[in-house]
Amino acid sequence: MGEMLRIENATKIFRYGFLGFKFRAVDDVSMSLEDRPAIFTIAGESGSGKTTLARLILRILKPDYGRILFNGRNIYEIDSKSFYKNVQPIFQDPYASFNPMQKPIRYLRETVKNVVGIVDEREVDEHIARVVSYVGLDIATVANKHQHEFSGGELQRMAIARALLTKPKLIVADEPVSMLDASLRINIVNLFKRIKDEMGVSFIYITHDLATAYYISDYIAIMYRGSIIESGRAEKVLSEPLHPYTKALMESLPIPDPKHRRVWRQRKIAFTSSIEEAEFVIKGCKYVYRCPYAFDKCRVEMPPYIFVNESSVRCWLYFK
């Protein structure tokens, strides 16, 4: 089976502040997604580069180095209409996805007419009604609502419906449940799983929430300071983590069992959402300043990928 998406050495450079240092928000990232329905999660804390990577895939940003291929073609060699018919976004803030001055249904209509290419008004209405019903909404109820009349969960379902109208092969969902109430999140991630199984759509799911990642993912890549440091089947990576950073992420999750809660609280894991210049510019492993297992080689040379126990990991510990 061929590849749907292939990222080859993608790099995006930003400057921190007006006169600040330059850093690689995405640093030499390579990954691939096979042409079969799957949910591929990109996980990491704030500042890891996962949203920047999502924007590169969506052509919102252009890589400074490297390239991104969709069905074997550079995404910038595909005309915009064809690309966005096959690759659709779902963003974090459902209220920012729609103009508050317009009814959300208008955006669905414009998508059907301009991207799908249906012009007959009755066919447009029928297509929208089917998709809106599929995501759990009633077209008669939502058709005349303005943005402020929707709940966050309803509006995110409208955003999902808009993405499904084009019958895409891939949806890039950037933190799609982080702004929703906890009680609503499971409904949305279950909807993603249903879309994958019933409609054959693949997802790139961007999240910092390892709980939903474990529940929803077929595959996962862990990012740290712009680099993918571990990837593989989600169950394997999250249940048997290899990289010290992945282990720290898993250990930082709250443990409900009172017998183990005291142990968890005593673990000292130094995470920060601020950008640390030293971590971005170091030639070696970017986790070296926080890693309890670091040695001299870690400071001077970034480790290559090595396959261990069915996962791919970048860590010198596995080259001994």
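Rules used throughout
- Residues numbered from 1 in each chain as written.
- Predicted model: local features only at pLDDT ≥ 70, side-chain atom pairs only at ≥ 80, totals over all residues.
- Heavy atoms only, no water.
- Helix = DSSP H or I, 4+ residues; strand = E, 2+ residues; numbered from the N terminus.
- Rg over C-alpha atoms; globule rule 2.2 N^0.38 Å.
- Buried < 20%, exposed > 50% of the residue type's maximum accessible area, 1.4 Å probe, protein only.
- Contact = heavy atoms within 4.5 Å.
- Phe/Tyr/Trp six-rings, centres within 6.5 Å; stacked < 30°, edge-to-face > 60°.
- Lys NZ or Arg CZ within 6 Å of the ring centre and 35° of its normal.
- Pairing = 2+ DSSP bridges.
- Salt bridge = Lys/Arg side-chain N within 4 Å of Asp/Glu carboxyl O.
- Core = buried A, V, L, I, M, F, W, Y, C linked by side-chain atoms within 4.5 Å.
- Axes fitted to C-alpha atoms, helices over the stretch in contact; angles between N-to-C directions.

**Focus on the overall build of the protein chain**
Item 1. For the protein chain, the helix and strand inventory stands at 13 helices and 12 strands.
Item 2. Relative to the 2.2 N^0.38 estimate, which gives 20 Å for 320 residues, the radius of gyration of the protein chain is 21 Å and therefore close to what a compact globule would have.
Item 3. In terms of principal-axis extent, the alpha carbons of the protein chain reach across some 70 × 50 × 45 Å.
Item 4. Across the 320 residues in the protein chain, those meeting the buried criterion constitute 48%.
Item 5. Across the protein chain, contacts joining residues at least 24 apart in sequence account for 63% of those joining residues at least 6 apart.

**What to know about the packing of aromatic side chains**
Item 1. Applying the stated criterion across every chain yields a total of 11 aromatic pairs.
Item 2. Between the aromatic rings of F14 and F23, the centroid separation amounts to 6.3 Å while the plane-to-plane angle is 65 degrees, which identifies the pairing as edge-to-face.
Item 3. For F14, a relative accessible area of 27% puts it in the partly exposed group.
Item 4. Judged by centre distance (6.4 Å) and plane angle (70 degrees), the rings of F192 and Y205 are edge-to-face. Note that F192 is positioned in helix α7 (residues 182-199) and Y205 in strand β8 (residues 202-207), a separation of 13 residues in sequence. Each member of the pair, F192 as well as Y205, is classed as buried.
Item 5. Through pairs of rings, three or more aromatic residues link up here, namely F70, F83 and Y84.
Item 6. Geometry around Y305 places R314 over its ring, the cationic atom sitting 4.7 Å from the centre.

**Structural notes on the pairing of strand β6 (residues 87-90)**
Item 1. By the alternation rule, side chains of β6 split into V87 and P89 and Q88 and I90, which are all buried.
Item 2. The sheet contact formed by β6 and strand β7 (residues 170-174) spans 4 bridges and is parallel. Within β7, the position partnered with I90 by the bridge is A173.

**Thoughts on the pattern of salt bridges**
Item 1. Inspection of the entire model under this criterion finds 21 salt bridges.
Item 2. The salt bridge partner of R106 is E110, with a shortest N-O separation of 3.1 Å. Of this pair, R106 and E110 both sit in helix α3 (residues 104-116), 4 residues apart, which is roughly one turn of that helix.
Item 3. R106 sits in the partly exposed class, given a relative accessible area of 40%.
Item 4. A salt bridge links E121 to R109, with the shortest nitrogen-to-oxygen separation between them at 3.4 Å. Remark: R109 occurs in helix α3 and E121 occurs in helix α4 (residues 121-134); sequence separation between them is 12 residues.

**What to know about the nonpolar core**
Item 1. One finds L108, I160 and F192 to be the most contacted residues of the largest nonpolar core, which totals 37 residues.
Item 2. Breaking this core down by element, the ones donating at least two residues are α3, α4, α6 (152-164), β7, α7 and β8.
Item 3. Here this core gets 7 residues from one element, more than from any other, and that element is α6.
Item 4. What F192 contacts, discounting residues up to four positions off in sequence, is I39, I90, I160, A173, P176, F203, Y205 and I216.
Item 5. Counting residues in hydrophobic clusters, the runner-up holds 28 residues, among them V26, L33, L170 and I204.

**Regarding the environment of K283**
Item 1. Along the polypeptide, K283 turns up in the loop between α12 (277-281) and α13 (296-300).
Item 2. With 162 residues separating them in the primary sequence, K283 and E121 have C-alpha atoms 58 Å apart.
Item 3. If sequence neighbours within four positions are ignored, K283 has contacts with V300, E301 and M302.

**A look at the sheet that holds strand β5 (residues 73-74)**
Item 1. Judged by pairing direction, the sheet is antiparallel, and its 4 strands sit side by side in the order β2-β1-β4-β5 without closing on themselves. Whereas interior strands pair on both sides, the edge strands pair on one side only; in this sheet they are β2 (22-34) and β5.
Item 2. Looking at chain direction, strand β1 (residues 3-15) and strand β4 (residues 65-70) are connected through 5 bridges and run antiparallel. Opposite E8, over in β4, you have R67 as the bridge partner.

**With respect to the sheet that holds β6**
Item 1. With mixed pairing, 8 strands are arranged side by side in an open sheet as β6-β7-β8-β3-β9-β10-β12-β11. If you trace the sheet from one side to the other, it starts and ends with β6 and β11 (306-308), each paired once. Taken over all neighbouring pairs, the strand axes of this sheet differ in orientation by 20 degrees on average, direction set aside.
Item 2. Two elements, β7 and β8, share 5 bridges in a ladder whose sense is parallel. Across the sheet, the residue bridging to I171 is F203, located in β8.
Item 3. Helix α1 (residues 50-57) contacts β3 (39-43), β7, β8 and β9 (219-224) of the sheet and is inclined by roughly 150 degrees relative to β8.
Item 4. Sheet contacts for helix α10 (residues 244-251): β9 and β10 (227-233); angle to β9, the most-contacted strand, approximately 100 degrees.

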